[in-house]
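# Structural overview
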Amino acid sequence: MKRIISVVLALLLTAVLLTACVPENLTTDTPVVSDTAAAVQTNPSEEQTDPTTDSQPTEATDPADEVVFDKEACANALDAVMTHQPGTAGASLKCFAAAIAALDYADTLPADCAADLEAAVTEWYGALSEDDKVLFAMVFTEVDMCANDIIAGSIDLAEMADNAGVQPAKESYADCADSYALFSAAVYKLLEE
């Protein structure tokens, strides 16, 4: 058990160092827009302004446009991680597919969801058998390394996706470093307990 914990800690430190190496000009401060808001576009020629007023139009925020934490999606991402079984045929492709599932999920996380995420991960983990908990600790470290390699761009995403039979949601996951770090931190926090 101590060996697993030391491996997990070493990987966590590696992930932190890789995250720290992200260029300063790479930002993830872009606002998250829901699909419905992105689909609605206004035609500038349809907008009419009153030339007698100097006030600028204010933009109202619709509560439906806010990103909400999805507990079921979290469980699905963690289930996908468990599909990777080291030492079996196609293990590296299953690891890649699990990493893509984790990255795609992490990319949807609201920025202020750390407490909800930790609670969802803890609940999902609590339902595992003792053997599955040990397996998950081992499997997650491998999936985490693969996910960080994908973020860093050191894996040919298109080729691996084709070989693994998965369809990534993005062409590059370089902008997912912060959201994925939030996801992996919640998992490692649980594994350290």
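Provided above is the structure to which this section pertains.
Attention in this report is confined to the structure presented alongside it. What you see is a predicted model; the values in this text were computed from it and never measured. (Residues numbered from 1 in each chain as written. Predicted model: local features only at pLDDT ≥ 70, side-chain atom pairs only at ≥ 80, totals over all residues. Heavy atoms only, no water.)

### Observations concerning the pattern of salt bridges
Side chains that differ in sign of charge can pair as their charged atoms come close. Under the counting rule described, the total for this entry stands at five salt bridges. Notably, a salt bridge pairs E123 with K71, separated by 2.7 Å at the nearest N-O pair. In this pair, E123 sits in helix α5 (residues 114–126) while K71 sits in helix α3 (residues 71–82), placing the two residues 52 residues apart along the sequence. By sharing partners, the salt bridges in this structure join D107, K170 and D175 into a single network. (Salt bridge = Lys/Arg side-chain N within 4 Å of Asp/Glu carboxyl O. Helix = DSSP H or I, 4+ residues; strand = E, 2+ residues; numbered from the N terminus.)

### Notes on helix α4 (residues 91–106)
In this model, α4 (16 residues) spans 22 Å end to end at C-alpha, consistent with the 22 Å of a helix rising 1.5 Å per residue. The inward-facing, buried residues of α4 abut α3, α5, α6 (130–152), α7 (157–164) and α8 (177–192). (Expected span 1.5 Å × (residues − 1). Contact = heavy atoms within 4.5 Å.)

### Some details on the environment of C113
With respect to the secondary-structure elements, C113 resides in the loop between α4 and α5. Those residues in contact with C113 that lie beyond four places of it in its chain are F69 and L182.

### Observations concerning the packing of aromatic side chains
Both the distance between ring centres and the angle between the ring planes are used here to describe each pair of aromatic rings. Tallying each qualifying case throughout the model produces seven aromatic pairs. Centroid distance F140 to F183: 6.2 Å. Interplanar angle 65°. Geometry classified as edge-to-face. Taken as a pair, F140 in helix α6 and F183 in helix α8 lie far apart in primary sequence, 43 residues in all. Across this residue pair, the class does not change: F140 and F183 are buried. (Phe/Tyr/Trp six-rings, centres within 6.5 Å; stacked < 30°, edge-to-face > 60°. Buried < 20%, exposed > 50% of the residue type's maximum accessible area, 1.4 Å probe, protein only.)

### Description of the nonpolar core
Counting residues in hydrophobic clusters, the biggest one holds 44 residues, and the most contacted among them are L117, F136, I150, Y180 and F183. Contacts of F183, omitting those with residues within four sequence positions, involve L78, A102, Y105, A106, L109, L117 and F140. (Core = buried A, V, L, I, M, F, W, Y, C linked by side-chain atoms within 4.5 Å.)

### With respect to the packing of α3 against α5
α5 packs onto α3 with a crossing angle of 50° between their chain directions and a minimal axis gap of 10 Å. Of the possible angle classes, the one that applies to α3 and α5 is oblique. As for the relative orientation of α3 and α5, their crossing is right-handed in sense. Touching K71, C74, A75, L78, D79 and M82 of α3 are L117, A120, V121, E123 and W124, all from α5. Residues belonging to the contact of α3 with α5 are distributed by class as follows: eight nonpolar, no polar and three charged. (Axes fitted to C-alpha atoms, helices over the stretch in contact; angles between N-to-C directions. Parallel < 35°, antiparallel > 145°, perpendicular 65-115°, else oblique. Left-handed = near helix turned anticlockwise from the far one by under 90°. Nonpolar A, V, L, I, M, F, W, Y, C, P; charged D, E, K, R; others polar.)

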